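Reading the structure
Listed here are the chains, written in short residue letters.
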Amino acid sequence: MDKILEGLVSSSHPLPVKRVIVRRVVESAETPLSQAQCRAMFALSTRLILQGPDSFQRQVGRQVLEAYARFHRDEFEAFFNRGLVLGLLQRGYGGLGSRDPAILDYVQAGLRLIISCPSVLELFALLQVEALRMVCERPAPPLCARLCQLLGDFPQCLPRGRKLSLAFCQQLVRSIAHFQSQGSRESELRLYVSQVTQVSGLLRSIWKAEPDTLLPSLQELFAVISSTDTSFEPSVALASLVQHIPLQMITVLIRSLTTDPNVKDASMTQALCRMIDWLSWPLAQHVETWVIALLKGLAAVQKFTILIDVTLLKIELVFNRLWFPLVRPGALAVLSHMLLSFQHSPEAFHLELPKPSEEKIKLILNQSAWTSQSSSLPSCLSRLSGKSETGKTGLVNLGNTCYMNSVIQALFMATDFRRHVLSLNLNGCNSLMRKLQHLFAFLAHTQREAYAPRIFFDASRPPWFTPRSQQDCSEYLRFLLDRLHEEERTLKALSSAKPSENMMSSESLVQETANKAQVFTEAPCTGDEERTLIEKMFGGKLQTSICCLNCKSTSQKEEAFTDLSLAFCPPTSLENVDMRSITHSSEVKDDCMVQTGIVASSPVEESALDTSLAVSDGCETVMNEGILKDHLPAELISENITDSDLYRVQDTKNVSQKPVSENTPSVTDLLNYFLAPEILNGDNKYYCEKCTSLQNAEKIMQIMEEPEYLILTLLRFSYDPKCHIRRKILDNVSLPLILELPVKRTASSLGVVSKGWSVDIEFSDAGENLAKKLKPSAAEEACCPELVPYVLSSVVVHSGISSESGHYYSYARNITGSGPSLGLCQQSKNMALASHGSLLAGEISRAVIENDLDANEMSKEWFLFNDSRVTFTSFQSVQKITSRFPKDTAYVLLYKKQNCSNGFNANSANGLWVNGDPPLQKELMDAITKDNKLYLQEQELSARTQALQAASTSCSFRPNGFDDNDPPGSCGPAGGGGGGGFSTIGRLVF
């Protein structure tokens with residue numbers, strides 16, 4: 001039969017005839033044959049299988065072999081022995097090499113035929129050794145896939161014993177690392193992917209059956225991809241293994257990798273780069289999960305150098321993977337994380353994407369920042385400082401500089417002001433505004449938890465402020481705004497001055513001066529060119545009218561202001577005082593003035609900002625610390641008052657504090673009192689030029705032009721002449737979220753604004769205040785005040801009982817020009833006053849507005865800025881601060897005007913920057929990038945140092961976050977709720 005079969009395959013008979021003859025040969029296998037005949041048939045069929053020139057002959061060989069082996073099993077067992085299999089695997093067959101997959105096909109077919117024979121055990125033992133040898137020889141993908149298929153069908157052939165099993169898994173990982181695709185056509189690539197999948201599937205089966213082999217296999221995998229040998233590049237096919245690694249191991253593995261001191265930075269960089277390359281593998285799952293986890297793990301242990309290098313090396317490759325739909329989801333996840341976490345520099349960000357809201361951007365950036373990744377190490381490796389989860393940056397206390405820090409944070413959170421400062425072109429200028437721009441830019445873009453404003457502090461500190469001593473934040477704010485205003489006005493004047501021989505010696509000097517002055521011009525310039533930025537943002541106008549009650553003549557004076565200082569009302573002024581007969585007691589001095597910050601509107605040759613506006617307050621002698629130094633005797637100013645003395649003052653009730661009750665005054669009441677008409681008589685009579693004598697007179701103050709940002713200072717510090725100390729008024733003051741500022745308008749202009757709405761609206765007498773009971777004056781009758789709505793933006797709080805001690809901190813939130821509700825503007829127009837005595841809206845209009853904003857307000861975030869520490873808070877905490885901590889009282893308030901249209905933000909309208917801060921100039925951005933890199937290096941160095949000491953160090957940390965349960969802290973022992981009586985070192989700022 002062997003001769004018949006051999007003649008058949010070499011004959012030229014038609015194919016149907018050949019098939020008939022083959023079928024007869026197969027059927028003849030049932031007939032008894034001699035051992036020699038069987039061996040001849042086995043040898044012939046083996047030759048046809050392994051060396052058949054076409055598929056027909058190979059198919060004939062398999063059919064004949066299976067038929068004769070089934071009916072002559074003993075003969076086949078003797079034929080398919082250890083020697084035959086070993087020879088095939090090591091030497092091949094004829095011209096067929098041992099690394100040809102056909103050899104393994106034949107071996108697998110033979111194993112199926114003798115699976116029930118005892119000799120198969122010997123073959124299993126042989127194949128266990130040969131399988132390990134073959135993977136050590138780095139087989140090509142087709143041979144390795146065929147071997148894995150054989151081992152998958154016959155797991156008895158897998159190497160046994162922990163040592164051999166580990167070696168096999170590790171060598172198989174190495175073999176995959178050497179895989180390379182042999183073609184570029186789609187069919188060839190599909191075949192290559194299926195071969196790799198076959199190999200990785202075998203490893204998965206082994207890991208599942210023998211879990212002890214998983215971790216060593218992964219260690220081998222990391223050793224391969226972390227190799228710095230440039231002569232060998234591991235295959236991307238290793239990505240096929242990632243999907244088989246349990247995600248539950250991600251924490252343990254990442255922690256092990258990132259904290260292993262034996263893993264060098266170069267090796268980790270190489271490994272991470274190659275893992276990012278795995279995003280190109282089409283069928284891999286969870287690659288992006290492991291890549292992102294490793295990125296976060298490196299950030300948690302402060303290895304920022306690796307992150308920077310990897311991001312810059314691979315960001316373009318990851319971006320290009322977005323073109324391929326099959327790998328796009330994973331590439332997009334990694335790209336998003338890399339871009340969002342690379343916040344110290346814009347170098348890696350090349351995408352133009354639809355821009356979400358500013359707050360959403362900051363929240364996402366903060367969540368993704370390297371410095372926000374907390375370390376999950378069970379050891380006590382400290383989490384180094386990074387930006388808090390609020391996304392805001394604190395300010396380092398440089399030694400009792402909380403008065404500056406609280407003011408700067410309030411100004412920074414004044415969104416429109418911050419954006420205009422950042423948009424100024426100040427290159428080449430060494431002005432104070434340039435330093436403020438530098439400070440704002442760092443607060444917005446630094447990666448540090450807190451920024452140290454040393455340069456700005458040295459430039460902005462008033463000359464009379466003693467370094468490292470507590471000062472009045474209101475006085476500092478007024479000085480700062482005055483400096484910025486005068487500086488800009490001077491530079492503008494110099495730029496517009498004509499060159500002359502007696503002023504300039506050369507044309508170059510003129511040009512230099514003009515260039516320095518021109519930097520304050522924004523591009524494009526909008527609004528009044530003559531007004532400074534401070535005037536545009538904080539400047540308002542106040543008109544003082546004095547009417548002689550004898551001759552009825554009236555004198556008027558209009559002055560500009562940047563802040564209003566509000567004195568506290570006398571206890572009876574809101575209840576039953578008839579203001580027609582108000583007189584000043586003999587104890588009130590003529591020089592008792594309510595101070596307001598003034599921006600001069602006169603030409604350049606006039607003096608700097610006038611800092612006082614005479615308004616007799618008719619109450620106790622209340623003044624700011626800034627003017628105390630001018631009025632107090634020198635011996636009192638230089639007198640040292642100890643902390644114990646201060647507490648003794650409080651204990652002897654020299655510090656007045658009203659109990660919290662329903663009669664708690666509000667800022668609205670203080671503003672009403674500030675604007676209330678005043679009768680000048682007795683020792684405070686008015687000198688009338690027409691009468692040429694002192695006469696009784698009526699004094700009226702009216703706001704003629706409202707500022708964009710209204711600054712209100714509550715006059716809490718007063719001088720006690722009996723005790724010769726400066727005491728603090730600790731009365732609680734209600735802070736309205738919505739404040740309506742009465743602005744004087746002419747009757748004709750109001751008619752245009754209100755568009756026909758009647759102004760004869762009557763309000764209930766409920767809640768009448770001092771202003772409603774005042775006698776109407778002739779000046780008042782000629783005008784109808786319009787209510788301009790303001791929303792609370794920030795609050796600076798003083799904690800303590802004395803102006804010379806304590807602590808300042810601030811609450812603030814982001815308020816844009818458009819405001820939370822445009823309905824405020826229309827309501828303010830429609831709610832004009834019918835009674836000239838009612839300077840602010842009654843309870844009805846205020847309730848309507850506050851209810852309209854209630855839903856929006858609850859969703860807006862407030863922040864607590866306490867020097868270096870920034871936490872989330874709420875408006876309820878702002879309102880209740882004094883009731884919770886009696887020594888912590890609101891001092892300076894910032895209200896933002898709610899415009900009906902966002903017309904002031906001209907830059908936004910022109911498309912320069914929309915819904916966010918303007919782009920920084922290159923010089924400033926480079927400085928921030930350089931400092932951020934330095935900070936990352938400092939963090940990395942500190943983390944490595946701490947890691948070396950972690951074994952013997954025990955420590956803990958309090959995470960940043962929402963914190964309103966404890967007092968905010970203090971600059972010294974005389975602080976209020978923020979320091980006195982608390983021993984928590986973390987709460988004290990020295």
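Given the structure is predicted, the values throughout are model-derived calculations rather than measurements. (Residues numbered from 1 in each chain as written. Predicted model: local features only at pLDDT ≥ 70, side-chain atom pairs only at ≥ 80, totals over all residues. Heavy atoms only, no water.)

So, the pattern of salt bridges
Heads up, the rule is: Salt bridges are defined as contacts in which a side-chain nitrogen from Lys or Arg sits within 4 Å of a carboxyl oxygen from Asp or Glu. Think of it this way: any DSSP run of H or I at least four residues long counts as a helix, any run of E at least two long counts as a strand, and we number them from the N terminus.
All told, the structure shown has 23 salt bridges when counted by the stated rule. Glu137 is the salt-bridge partner of Arg99, the closest N and O atoms lying 3.2 Å from each other. Residue Arg99 is found in the loop between α6 (82–91) and α7 (101–113), and its partner Glu137 is found in the loop between α8 (120–136) and α9 (141–153); the two are separated by 38 residues along the sequence. Arg448 is the partner of Asp931 in a salt bridge, and the nearest nitrogen-oxygen pair spans 3.0 Å.

Some thoughts on the confidence of the model for the protein
Put simply, the rule is: Known as pLDDT, the predictor's per-residue confidence is scaled from 0 to 100. By definition, residues are in contact when any of their heavy atoms lie within 4.5 Å.
Averaged over all residues, the pLDDT of the protein is 74; the fraction at 70 or higher stands at 65%. Low pLDDT, under 50, characterises residues 375–385; the stretch is placed with 30 contacts to residues that sit more than four places away or in other chains.

Observations concerning the packing of α8 against α9
What describes two packed helices is the angle between their axes and the distance between those same axes. Note the threshold: Angular values range over 0 to 180 degrees, each being the angle between N-to-C directions of two axes fitted as lines to C-alpha atoms, with helices fitted over their stretch in contact. Angles are sorted into four bins: roughly parallel if under 35 degrees, roughly antiparallel if over 145, roughly perpendicular if 65 to 115, and oblique for all others. Should the near helix be turned anticlockwise from the far one by less than a right angle, the crossing is termed left-handed; should it be turned clockwise, right-handed. Ten residues, namely Ala, Val, Leu, Ile, Met, Phe, Trp, Tyr, Cys and Pro, are considered nonpolar, four, namely Asp, Glu, Lys and Arg, are considered charged, and the remaining ones, Gly among them, are considered polar.
Viewed as axis vectors pointing N to C, α8 and α9 meet at an angle of 155°, and their least axial separation amounts to 11 Å. In terms of orientation, α8 lies roughly antiparallel with respect to α9. For α8 against α9, the interelement crossing comes out left-handed. Here α8 contributes Leu127, Ala131, Met134 and Val135 to the contact with α9, which in turn contributes Leu143, Leu147, Leu150 and Leu151. Considered class by class, the residues forming the contact of α8 with α9 number eight nonpolar, no polar and no charged.

Remarks on the environment of Met249
With respect to the element layout, Met249 can be found in the loop between α12 (214–225) and α13 (250–259). For the pair Met249 and Leu215, spaced 34 residues apart in sequence, the C-alpha to C-alpha distance is 9.7 Å. With near-sequence residues (within four places) excluded, Met249 lies in contact with Leu214 and Trp290.

What about the environment of Leu339?
Under the convention used in this document: To sort residues, take the accessible area from a 1.4 Å probe on protein chains only and compare it with the maximum for the residue type: under 20% means buried, over 50% means exposed, and anything in between is partly exposed.
Turning to its location among the elements, Leu339 is positioned in helix α17 (residues 328–341). Taking the relative accessible area as the measure of exposure, Leu339 reaches 8% and is therefore buried. Residues Leu339 and Thr311, spaced 28 residues apart in sequence, show a C-alpha to C-alpha distance of 8.4 Å.

A few points about the environment of Ala43
On the secondary structure map, Ala43 appears in helix α3 (residues 35–51). Note: C-alpha distance between Ala43 and Leu65 (22 residues apart in sequence) is 9.0 Å.

Here's the deal with the nonpolar core
Inside soluble globular proteins, nonpolar side chains tend to come together where they are buried. Heads up, the rule is: We call a set of buried residues a nonpolar core when its members are Ala, Val, Leu, Ile, Met, Phe, Trp, Tyr or Cys and they connect through side-chain atoms within 4.5 Å of each other.
With 115 residues, the main nonpolar core has Phe76, Leu111, Leu151, Phe168, Leu172, Leu238 and Trp278 as its most contacted residues. Membership of the second largest hydrophobic core comes to 56 residues, among which are Ile408, Leu480, Leu481 and Ile534.

Let's talk about the packing of aromatic side chains
Put simply, the test is: Here is the rule: rings of Phe, Tyr and Trp (six-membered ring for Trp) pair when centre to centre is within 6.5 Å. Planes less than 30 degrees apart are stacked, more than 60 are edge-to-face, and the remainder are tilted. The rule is short: NZ of Lys or CZ of Arg within 6 Å of the ring centre and within 35 degrees of the ring normal puts a charge over the ring.
For the structure shown, the criterion picks out 22 aromatic pairs. On the numbers, 6.1 Å between centres and 85° between planes, the contact of Trp464 with Phe465 is edge-to-face. On the accessibility criterion, Trp464 (44% relative accessible area) is partly exposed. Of the aromatic side chains, those joined through ring pairs into one cluster are Phe42, Phe76, Phe79, Phe80 and Tyr106. Stacked on the ring of Phe863, the Lys or Arg Lys392 has its end atom at 5.0 Å from the ring centre. Stacked on the ring of Tyr709, the Lys or Arg Lys896 has its end atom at 5.3 Å from the ring centre.

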